[in-house]
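Each chain, written out:
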Amino acid sequence: MAQSLKVLQKVQVFCQSSYKRLNQQKQGSFTHSKCSRKTASLADRISYASSLSYLSNKLEFPSFLRTVPNNDFQSLGLARMVAHFGWTWIGIIASDNDFGQVGALKFYEEVKQLGVCVDFFETFPVQNPGAKILKLVQIIKKSSVKAIIIYVTKLQVIPLMEAFLRENISGKIWLGLTSWIAFPAFVRKELWSIFHGTIGFALHEGAMPGFSTFLSLVHPSKYQRDIFINSFWENVFACHWTKNDSDLASFNSAGTKGQPGTCTGEELVSTLDVNIYDIHSSRAVYSVYTAVYAVALGLHHLLSSGRDQSLDTGTWDTIMTFTPWKLLQHIRNVVLHNSEGDTLFFDRNGDFPAIYDILNWQLLADHTSRFIKVGQYDSTLDENQAITINVSAIIWSGGYAELPRSVCTENCPLGHRRAARHGQPTCCFDCIPCPVGEISNETDATECIKCQEHQWSDEGQKECIAKRLEFLSYEEPLGATLASISICFATITFSILCIFINLRDTPIVRANNRALSYLLLLSLILCFLCSLIFIGEPQRETCVLRQVVFAIVFTVCVSTILAKTITVIIAFSATRPGSRLRLWMRPRVPFYLIVLCSCPQGIICTVWLTTCPPFVEYNMKSELGKIVIECNESSFIIFYCVLGYLGFLSGISFIVAFLARKLPDSFNEAKLITFSMLVFCSVWLLFVPTYLSTRGKYVVAEEIFAILSSSTGVLCCIFFPKLYIVLLRPQMNSREHLIGRSRADLTS
């Protein structure tokens, strides 16, 4: 490597000597042109400042190399930074030249793929920007975006920021580029307030041994022929040179005392603001440093190859014998390792790896300012690791204590989903609650998740919870009330049965076929008690038994009533002379009639149980948020056949009783049976539509209510009048009274 640097020095010395001879002797044009071609050939191979993306096209620029990153990587990195901060609503201001349009469009494509929406994309003219600036000011004031990328050149930044400062635009975060993020415009203190909080990409900064010492010793007296040193001195120290001071050779070691505002030559570069004039490092110079280092390393490899040992001879002719393409091959293959451990190399497009520092411009409380490196973007790393940012080190503009949000619409909370707004970007949406039975367990969800069949959404639609099991239980008020009524009326009926058995020899009990009365009371007791099977959690056994028991018991009850009515008619008609109905007055005939009327119902129930018996069903659809445990009747046709046959018997009983209502009082239960069957039929006719329209446990409650109501109607209409006579009017419970009433009826 030392040999390569020595060769570079020889090339430089020879070119300088050739140039001097050309000026002094006005000849040697061949030598000068030769030197120019060779040095230009080296210089054109590696660029330290050209970052336009089309220079990576090897078909057009096959021998072009550069140590500054391709602008495409900057656009990609900025897009990653926007996504890293969670910003989905941004604005873009771009120069109307190739730099701004190509870079901004590349950035726009990248952020769009990352789900970021752009509120405005405005161009900024290089020439006569006045009218456009006013338009930009109005656009920014109306926009809700917090983050705006300024994709312009460094000369356009100042008028733009001056206009924003005049219009008092605050609370915006400017995203800067390498073209202006470290531009000396930040020296202007009047712009510090508008630049405060700016964050952006800058060229990667690396250590350059000896560079800080060189800068600290820069002085006009040492570089008298440098036409830029005087201007630099006046700008950075805010002074001016007097005409007498133009000859810097007259400066002595003590310096020259001048008037206020004049340059004395005693100013020290080391006293400058390190945030603007950092003598320890320079981002732009670092690219030059790596370019020269790459050339030196390429020469070193060329020398080490053993094919061009003549390069060490020291004469110009022998030095310039190599061809540029030989050196280009070696430069393309160099691998540099800087002091920070980064590995630098030229890729197939002749570009260096894109490594950017992320800077934050901060205006401090003591009215000083500084650039702070808060992160880095490295294109050589994995996509998820390429960008690293220390958010806590950033000071934001607008007084934000934490990372500000730049979104069109805030994220939808749990239990809500996004609904796109018609004609607006996807980042602008409405948050609507999830429907019942669906949830959203993450913020900003695009769709609601439907709960499983056995689950339901909680009150806020945030999570799925198990559905509540529901059935008519003994613990709840409705079930307890119905059970109490059932037991109470069963007890009352049993008490009436006991009274009738105890008074079985009294005329009022004997007059109406006491055996049938006992059977009717017993069937009514079972009717009241069968409702208890409907209460409680349905089981396989209870589902099979409850409808069958209900059907058989009620059929026996109605058949008994029909038998009692027919018995009364037969008894009255048999008293007529020559009547053949005397043959039907045998004691067992009513029971034969009861069995005959009950057999069809028994056959229907047997078919039901053998072909499609009822079963337990977990109904998850009848009621929202509940699993109704119920008995599925399996075949509603058979169930309606059961009810239909029961209705047929009760209808026949009602008709027969109605026709026999004017029989003598001593035998006449027809009026009582007529009223009881009227109540019975009315209850079950009302039950059918309510059964079809009710859901859940209330279906069971409806059927229990129908059972209790119809049973109570029969009990009250048939037995309470007799009970009244037996208990409260015992004088009427005599044979003479009944016979007297009978004769009175006959004569009337």
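Above this text you will find the structure in question.
Residues numbered from 1 in each chain as written. Predicted model: local features only at pLDDT ≥ 70, side-chain atom pairs only at ≥ 80, totals over all residues. Heavy atoms only, no water.

### Concerning the environment of I133
Secondary-structure assignment places I133 in helix α5 (residues 130-142). Residue classification places I133 among the buried positions, given a relative accessible area of 8%. Sequence-distant contacts of I133, defined by excluding residues within four places in its chain, comprise F124, P159, L160 and A163. (Helix = DSSP H or I, 4+ residues; strand = E, 2+ residues; numbered from the N terminus. Buried < 20%, exposed > 50% of the residue type's maximum accessible area, 1.4 Å probe, protein only. Contact = heavy atoms within 4.5 Å.)

### Here's the deal with the side chain of S486
In this structure, S486 sits in helix α13 (residues 477-502). In this structure S486 comes out as buried when scored by relative accessible area, which is 0%. Apart from the residues within four sequence positions on either side, S486 is in contact with F528, L529, S531, L532 and L708.

### So, the sheet that holds strand β21 (residues 626-632)
Judged by pairing direction, the sheet is mixed, and its three strands sit side by side in the order β19-β21-β20 without closing on themselves. The sheet terminates laterally at β19 (468-470) and β20 (615-619), the two strands that pair on one side only. Between one strand axis and the next, the sheet turns through 25° on average, direction left out of account. As paired strands, β20 and β21 are joined by five bridges and run antiparallel to one another. The residue of β21 that forms the bridge with Y618 is I629. (Pairing = 2+ DSSP bridges. Axes fitted to C-alpha atoms, helices over the stretch in contact; angles between N-to-C directions.)

### Quick notes on the sheet that holds strand β10 (residues 355-363)
In spatial order, the strands read β4-β3-β5-β6-β7-β10-β11-β12; together these eight strands make up an open sheet with mixed pairing. With partners counted over all chains shown, the strands left at the sheet margins are β4 (117-124) and β12 (387-389), one partner each. The mean inter-strand angle of the sheet, taken between neighbouring strand axes irrespective of direction, is 25°. Where strand β5 (residues 147-151) meets strand β6 (residues 173-176), three bridges bridge the pair, whose relative direction is parallel. Within β6, the residue paired with I149 across the bridge is L175. Docked against the sheet, helix α6 (residues 154-166) engages β3 (89-95), β4, β5 and β6, running at close to 130° with respect to β3.

### Describing the packing of aromatic side chains
The final tally for this structure, using the stated rule, is 32 aromatic pairs. Measuring from ring centre to ring centre gives 6.0 Å for F554 and W684, while their planes differ by 80°; the resulting arrangement is edge-to-face. Residue F554 is located in helix α16 (residues 540-574), and its partner W684 is located in helix α19 (residues 670-693); the two are separated by 130 residues in the primary sequence. Residue class for F554 comes out buried when judged on its relative accessible area of 1%. (Phe/Tyr/Trp six-rings, centres within 6.5 Å; stacked < 30°, edge-to-face > 60°.)

### Structural notes on the state of the cysteines
Taken as a whole and judged by the stated rule, the model has seven disulfides. The disulfide partner of C408 is C428, and the gap between their sulfur atoms is 1.9 Å. Across the S-S bond linking C408 and C428, the dihedral sits near 105°, which makes this disulfide right-handed. Highlighted residues: C408 in the loop between β12 and β13 (416-420) and C428 in the loop between β13 and β14 (429-433), separated in sequence by 20 residues. C408 sits in the partly exposed class, given a relative accessible area of 23%. On the basis of relative accessible area, C428 is assigned to the buried category, the value being 3%. Across the disulfide from C434 sits C448; the S-S distance is 2.0 Å. Handedness of the C434-C448 disulfide follows from its S-S torsion of about -85°: it is left-handed. Taken as a pair, C434 in the loop between β14 and β15 (438-439) and C448 in the loop between β15 and β16 (449-450) lie far apart in primary sequence, 14 residues in all. (Disulfide = S-S within 2.5 Å.)

### Some points on the packing of α13 against helix α15 (residues 514-530)
Two elements in contact, α13 and α15, have axes separated by 8 Å at closest approach and are oriented at 165°. Classified by the interaxial angle, the pair formed by α13 and α15 is roughly antiparallel. Viewed along their axes, α13 and α15 form a crossing whose handedness is left-handed. Residues S486, F489, A490, T493, F494, I496, L497, F500 and I501 of α13 form the contact with α15, whose own contacting residues are Y518, L521, L524, I525, F528 and L529. In terms of residue class, the contact of α13 with α15 is built from 13 nonpolar, two polar and no charged. (Parallel < 35°, antiparallel > 145°, perpendicular 65-115°, else oblique. Left-handed = near helix turned anticlockwise from the far one by under 90°. Nonpolar A, V, L, I, M, F, W, Y, C, P; charged D, E, K, R; others polar.)

### A closer look at a nonpolar patch on the surface
Together, F636, Y640, V688 and L692 make up a nonpolar patch on the protein surface, roughly 330 Å² of accessible area in all. Those elements that provide at least two residues to the nonpolar patch are α18 (636-659) and α19. Take L692: it is sitting in helix α19. For L692, a relative accessible area of 48% translates into the label partly exposed. (Patch = residues over 30% accessible without salt bridge, like charges linked within 9 Å, V, L, I, M, F, W, Y side chains within 5 Å. Areas by Shrake-Rupley, 256 points an atom, 1.4 Å probe, with all protein chains shown as cover. Salt bridge = Lys/Arg side-chain N within 4 Å of Asp/Glu carboxyl O.)

### A few points about unusual backbone geometry
Phi is positive for N128, which is not a glycine, with a value near 50°. Along the chain, N128 falls in the loop between β4 and α5. According to the relative accessible area criterion, N128 is exposed, its value standing at 72%.

### Digging into the pairing of β4
Pairing geometry for β3 and β4, over seven bridges, is parallel. Counterpart to I93 in the pairing with β4 is E122. In the classification by handedness, the crossover that spans β3, the intervening helix α4 (residues 98-113) and the parallel β4 is right-handed. (Right-handed = clockwise from strand over helix to strand, strands pointing away.)

### Quick look at helix α12 (residues 324-332)
All of the buried residues in α12 are L327, L328, H330 and I331. Within α12, the buried residues cover an arc of 165° as seen down the axis, which keeps them to one side. (Arc of directions from axis to C-beta.)

### With respect to the packing of α15 against helix α20 (residues 697-728)
Interaxial distance between α15 and α20 falls to 10 Å at its minimum, and their mutual angle equals 150°. As the angle between them shows, α15 and α20 are arranged roughly antiparallel. The hand of the α15/α20 crossing is left-handed. Facing S517, L520, L521, L524, C527, F528 and C530 of α15, the residues of α20 in contact are I707, L708, S711, T712, V714, L715, I718, F719 and K722. Across the contact of α15 with α20, the residue classes tally to 12 nonpolar, three polar and one charged.

### Re the pattern of salt bridges
This model, assessed by the stated rule, comprises 14 salt bridges. Between E167 and K141 there is a salt bridge, with its nearest N and O atoms 3.1 Å apart. Of this pair, E167 sits in the loop between α6 and β6 while K141 sits in helix α5, and the two are 26 residues apart along the sequence. Classification of K141 as partly exposed rests on a relative accessible area of 44%. Here E476 makes a salt bridge to K697, at a shortest N to O gap of 2.5 Å. With E476 in the loop between β19 and α13 and K697 in helix α20, this residue pair connects regions lying 221 residues apart in the sequence. Accessibility assignment for this pair places E476 and K697 in one class, buried. Each of the salt bridges in this network shares a partner with another, and the network as a whole consists of E470, E476, E623, K626 and K697.

### Looking at the nonpolar core
Counting 70 residues, the largest nonpolar core has M81, I93, F107 and F164 as its most contacted members. Counting residues per element, this core draws most heavily on α6, at six residues. Setting aside its immediate chain neighbours within four residues, F164 contacts I93, V137, I140, I169, W174 and I194. (Core = buried A, V, L, I, M, F, W, Y, C linked by side-chain atoms within 4.5 Å.)

### Let's talk about the environment of L469
Within the secondary structure layout, L469 lies in strand β19. Placed 160 residues apart in sequence, L469 and I629 show a C-alpha to C-alpha distance of 6.9 Å.

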